[in-house]
Amino acid sequence: MNILTLTIFLPLVGVAALFLFNKENAGAIKLAGFVTTLVVFVVSLYLYFQFDSTHAGFQFQQKAVWIAGLNISYFVGIDGMSLLLILLTTFLTPLALLGTWNSISHRLKEYTMMILLLEVGMIGVFAALDLFLFYIFWEAMLIPMYFIIGIWGGQERIYAAVKFFLFTLFGSLLMLVAILALGYYASTLPGGQFTTNLLDLYSIAPRMALTLQSWMFLAFALSFAIKVPLFPLHTWLPDAHVQAPTAGSVILAGVLLKMGTYGLIRFCLPLFPEAAFRFTPLLGVLAVIGIIYGALVAMVQTDIKKLVAYSSVSHLGFVVLGTFAMTEEGIQGAIIQMINHGLSTGALFLIVGMIYDRAHTRAISDFGGVAKIMPVFAAFFMIFTFSSIGLPGLNGFVGEFLVLLGSFKSTFLGTYAYSAFAASGVILAAVYMLWMYQRVMLGPVREGGMYGGHKLFDLTKREIAALVPIVIFIVWIGVYPGTFLNKSAPVAKKVVQELELVRQGNQVRTAQLRPQPAATLKSDISKNK
């Protein structure tokens with residue numbers, strides 16, 4: 001079997017096995033879920049070690065006819081960007097389960113199944129090279145996350161789950177219409193046929209008239225912007241994060257949000273380059289607004305989890321800005337920042353979940369002096385806080401630096417203002433993160449050492465085991481990012497080269513259509529005589 005296909009569907013083995021477990025056997029169910037996700041991660045490492053970093057094309061491809069009449073196939077493959085995001089998915093999923101081992105007791109069997117089904121959808125989204133298959137995985141991923149929030153979430157879980165589902169479904173339907181329109185357009189060309197093959201559409205879609213490209217771009221981009229989420233389409237995110245159980249928040253922040261930014265790079269730029277040029281200033285402005293707005297709103301939050309949720313709006317604004325800088329540095333920064341955000345914010349949600357399990361409150365005002373009671377917890381919290389604000393030597397600095405450099409150099413954005421305003425987001429991140437850390441971890445211990453009516457205790461060995469791997473990668477990327485940047489470099493270079501070719505072609509056509517000066521015309525007439 002193709003190793004990529006095995007990685008995608010291996011969690012289903014765990015789902016099938018769980019049907020055989022007694023629902024009362026909680027320990028066995030937890031272990032089965034964790035072992036399944038751990039095996040998936042080990043299998044996915046084969047993709048990393050066998051991946052050819054010098055090759056910009058898709059590797060580990062597998063193609064099989066699915067719906068012959070519509071030329072739709074099961075077609076999967078990965079490039080450097082897909083590889084990193086699949087590894088992020090398979091890395092975070094077992095850690096999310098391990099870090100929240102005792103957080104769920106109600107309907108544990110079904111909960112574990114939902115996590116495994118969610119992993120199938122997430123890996124499939126990053127591997128699909130057929131647009132119809134991509135759409136199936138995209139929609140399939142919504143269902144388990146809807147149940148994870150709606151069944152195992154907080155008091156407002158139904159509202160949050162429905163809001164998440166409706167927002168995402170609305171964007172998805174627009175994308176489906178655009179996919180069908182793309183396939184139909186391919187069939188109208190001489191000798192053409194309906195197709196959803198992404199590699200074929202890479203050469204077909206850019207030929208569309210600008211007006212048609214623009215509509216297609218907007219349909220795809222709106223769907224992805226909702227998932228990012230990009231300001232002003234972000235309103236579903238805080239509710240979903242706050243109400244979701246800890247593991248759901250980790251996966252939502254760590255992986256699901258990256259599907260939006262992944263889609264912008266994978267589909268919007270190469271399929272609709274001229275439309276991307278047209279909308280770049282608008283998306284750049286929205287990205288910068290999101291960076292600043294998300295930081296300012298995070299600053300005034302009284303709930304730790306909601307603060308971290310709004311920080312995602314700010315951090316992912318950097319990813320969108322780097323994407324539409326359309327420079328190698330910008331796109332490289334966007335890709336590595338997806339990974340960085342998944343690690344740092346996923347870790348912060350784990351940390352918040354761990355202290356919530358002890359104190360049963362997330363209100364910042366209920367804490368203070370926690371570092372004296374939980375010194376190990378305080379050390380991990382500090383590392384993840386510094387990672388989130390982009391401290392040099394940790395992973396966050398690498399991504400933000402490349403994004404700011406790429407947007408500063410960008411001729412597509414056309415002004416340094418984007419970089420200047422976006423840089424303020426780094427300063428604001430330091431303000432809201434450090435201020436939150438100060439209020440929660442420092443100061444005097446609460447009277448009697450009671451928080452939310454409960455005694456606190458430091459991290460267990462299991463919780464430490466869930467956090468240490470994240471710390472290792474946070475430092476690794478911060479100190480030696482080349483290990484990961486080398487995998488995605490050919491992707492960024494190829495995307496930028498194709499965009500430059502389209503722009504150069506537009507400039508040539510514009511020059512040919514532009515009226516010539518009278519002196520030049522007179523000279524040409526004289527030569528002809």
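Reading the values: rules and limits
- Residues numbered from 1 in each chain as written.
- Predicted model: local features only at pLDDT ≥ 70, side-chain atom pairs only at ≥ 80, totals over all residues.
- Heavy atoms only, no water.
- Helix = DSSP H or I, 4+ residues; strand = E, 2+ residues; numbered from the N terminus.
- Rg over C-alpha atoms; globule rule 2.2 N^0.38 Å.
- Buried < 20%, exposed > 50% of the residue type's maximum accessible area, 1.4 Å probe, protein only.
- Contact = heavy atoms within 4.5 Å.
- Areas by Shrake-Rupley, 256 points an atom, 1.4 Å probe, with all protein chains shown as cover.
- Lys, Arg positive; Asp, Glu negative; His and termini not counted.
- Charge placed at Lys NZ, Arg CZ, Asp CG, Glu CD.
- Axes fitted to C-alpha atoms, helices over the stretch in contact; angles between N-to-C directions.
- Parallel < 35°, antiparallel > 145°, perpendicular 65-115°, else oblique.
- Left-handed = near helix turned anticlockwise from the far one by under 90°.
- Nonpolar A, V, L, I, M, F, W, Y, C, P; charged D, E, K, R; others polar.
- Pairing = 2+ DSSP bridges.
- pLDDT = per-residue confidence, 0-100.
- Phe/Tyr/Trp six-rings, centres within 6.5 Å; stacked < 30°, edge-to-face > 60°.
- Lys NZ or Arg CZ within 6 Å of the ring centre and 35° of its normal.
- Polar contact = N/O pair within 3.5 Å; in protein donor to acceptor, adjacent residues only side chain to side chain.
- Salt bridge = Lys/Arg side-chain N within 4 Å of Asp/Glu carboxyl O.

## Here we look at the overall build of the protein
For the protein, the count of helices and strands is 21 helices and four strands. The C-alpha atoms of the protein give a radius of gyration of 24 Å, which matches the 24 Å a tight globule of 529 residues would have. Overall, the protein is about 100 × 50 × 40 Å in size when its C-alpha atoms are taken along their principal axes. The burial tally for the protein puts 60% of its 529 residues in the buried class. Within the protein, residue pairs in contact and separated by at least 24 positions form 81% of the contacts whose partners lie at least 6 positions apart. Of the roughly 20300 Å² of accessible surface on the protein, 67% is carried by carbon and sulfur atoms. Computed over 32 positive and 23 negative side-chain charges, the inter-centroid distance for the protein is 3 Å.

## Remarks on the side chain of Thr-112
Relative to the elements of secondary structure, Thr-112 occurs in helix H5 (residues 108-127). The class for Thr-112 is buried, based on a relative accessible area of 3%. Beyond its immediate stretch of four places on either side in the chain, Thr-112 contacts Leu-18, Ile-29 and Gly-33.

## Description of the packing of helix H7 (residues 157-188) against helix H10 (residues 236-243)
Taken N-terminus to C-terminus, the directions of H7 and H10 make an angle of 135°; their axes are 9 Å apart at the nearest point. What the angle tells us is that H7 and H10 run oblique. The way H7 lies across H10 gives a crossing that is left-handed. On the side of H7, the interface is formed by Arg-157, Tyr-159, Ala-160, Lys-163, Phe-164 and Phe-167, while H10 contributes Trp-236, Asp-239, Ala-240 and Gln-243. When its residues are assigned to classes, the contact of H7 with H10 shows six nonpolar, one polar and three charged.

## Re the pairing of strand E2 (residues 72-78)
E2 sits mainly inside the fold: seven of its seven residues count as buried. The alternating pattern of E2 places Ile-72, Tyr-74, Val-76 and Ile-78 on one face and Ser-73, Phe-75 and Gly-77 on the opposite face, and all of these are buried. Inspection of the sheet shows strand E1 (residues 59-67) paired to E2 by six bridges, in the antiparallel sense. When the sheet's bridge partners are listed, Val-65 is paired in E2 with Ser-73. Counting the residues between successive antiparallel strands, the hairpin from E1 to E2 contains four residues, one of them, Asn-71, with a positive phi of roughly 60°.

## Quick word on unusual backbone geometry
Of note, the bond from Val-228 into Pro-229 is cis; its omega dihedral lies within 30 degrees of zero at -10°. Examined against the element boundaries, Pro-229 turns out to sit in the loop between helix H9 (210-227) and H10. In this chain, Phe-231 is followed by Pro-232 through a cis amide linkage whose omega measures 5°. Inspection of the secondary structure assignment puts Pro-232 in the loop between H9 and H10. Even without a glycine there, the phi angle at Asn-71 is positive, about 60°. Mapped onto the elements, Asn-71 comes out in the loop between E1 and E2. On the basis of relative accessible area, Asn-71 is assigned to the partly exposed category, the value being 27%. In this structure, Met-326 takes a positive phi of about 55° despite not being glycine.

## Focus: the confidence of the model for the protein
Averaged over all residues, the pLDDT of the protein equals 88, while 95% of them reach at least 70. Across the protein, element-level confidence peaks in helix H19 (residues 461-479) with a mean pLDDT of 94 and bottoms out in helix H21 (residues 518-528) with 46. When the criterion is pLDDT under 50, residues 518-529 qualifies, and its contacts beyond four places in sequence or with other chains add up to two contacts.

## Re the environment of Ala-275
Mapped onto the elements, Ala-275 comes out in helix H12 (residues 273-299). Between the C-alpha atom of Ala-275 and that of Trp-215, which follows or precedes it by 60 residues, the distance is 8.5 Å. In this view, Ala-275 contacts Leu-210, Gln-213, Ser-214 and Phe-217; residues no more than four positions away in its chain are not counted.

## Here we look at the packing of aromatic side chains
Counted under the stated rule, the structure contains 33 aromatic pairs. Both rings, one in Phe-164 and one in Trp-236, keep their centres 5.5 Å apart while their planes meet at 55°; by these two values the pair is tilted. On the criterion of sequence distance, the pair formed by Phe-164 in helix H7 and Trp-236 in helix H10 is long-range, its members being 72 residues apart. Here Phe-164 and Trp-236 have matching classes, each one buried. Feature note: the residues Phe-126, Phe-134, Trp-138, Phe-220, Phe-224, Tyr-262, Phe-267 and Phe-272 constitute an aromatic cluster, connected by ring pairs. Directly above the ring of Phe-75 sits Lys-63, whose terminal nitrogen or CZ lies 5.3 Å from the centroid. In this arrangement the basic side chain of Arg-439 is found over the ring face of Trp-435, its NZ or CZ atom lying 3.7 Å from the centre.

## Some words on the environment of Gly-290
Residue placement: Gly-290 occurs in helix H12. Put simply, Gly-290 and Val-320 are 30 residues apart on the chain and 9.7 Å apart in space, counted from C-alpha to C-alpha. Sequence-distant contacts of Gly-290, defined by excluding residues within four places in its chain, comprise Phe-231, Val-313 and Ser-314.

## Some thoughts on the side chain of Ser-311
As for its placement among the helices and strands, Ser-311 is situated in helix H13 (residues 304-325). Among the residues examined, Ser-311 registers a relative accessible area of 0% and is labelled buried. Side-chain polar atoms of Ser-311 contact the backbone oxygen of Val-308, separated by 2.5 Å. Among residues more than four places away in sequence, those in contact with Ser-311 are Ala-298 and Tyr-432.

## Some words on the pattern of salt bridges
Summed over all chains, the structure comprises six salt bridges. Note that Asp-303 and Arg-362 form a salt bridge whose closest N and O atoms lie 3.4 Å from each other. On the criterion of sequence distance, the pair formed by Asp-303 in the loop between H12 and H13 and Arg-362 in the loop between helix H14 (328-359) and helix H15 (370-373) is long-range, its members being 59 residues apart. In this structure, Arg-503 and Glu-500 form a salt bridge, with 3.2 Å as the shortest nitrogen-oxygen distance. Of this pair, Arg-503 and Glu-500 both sit in helix H20 (residues 482-513), three residues apart, roughly one helical turn. Among the residues examined, Arg-503 registers a relative accessible area of 19% and is labelled buried. The class for Glu-500 is partly exposed, based on a relative accessible area of 24%.

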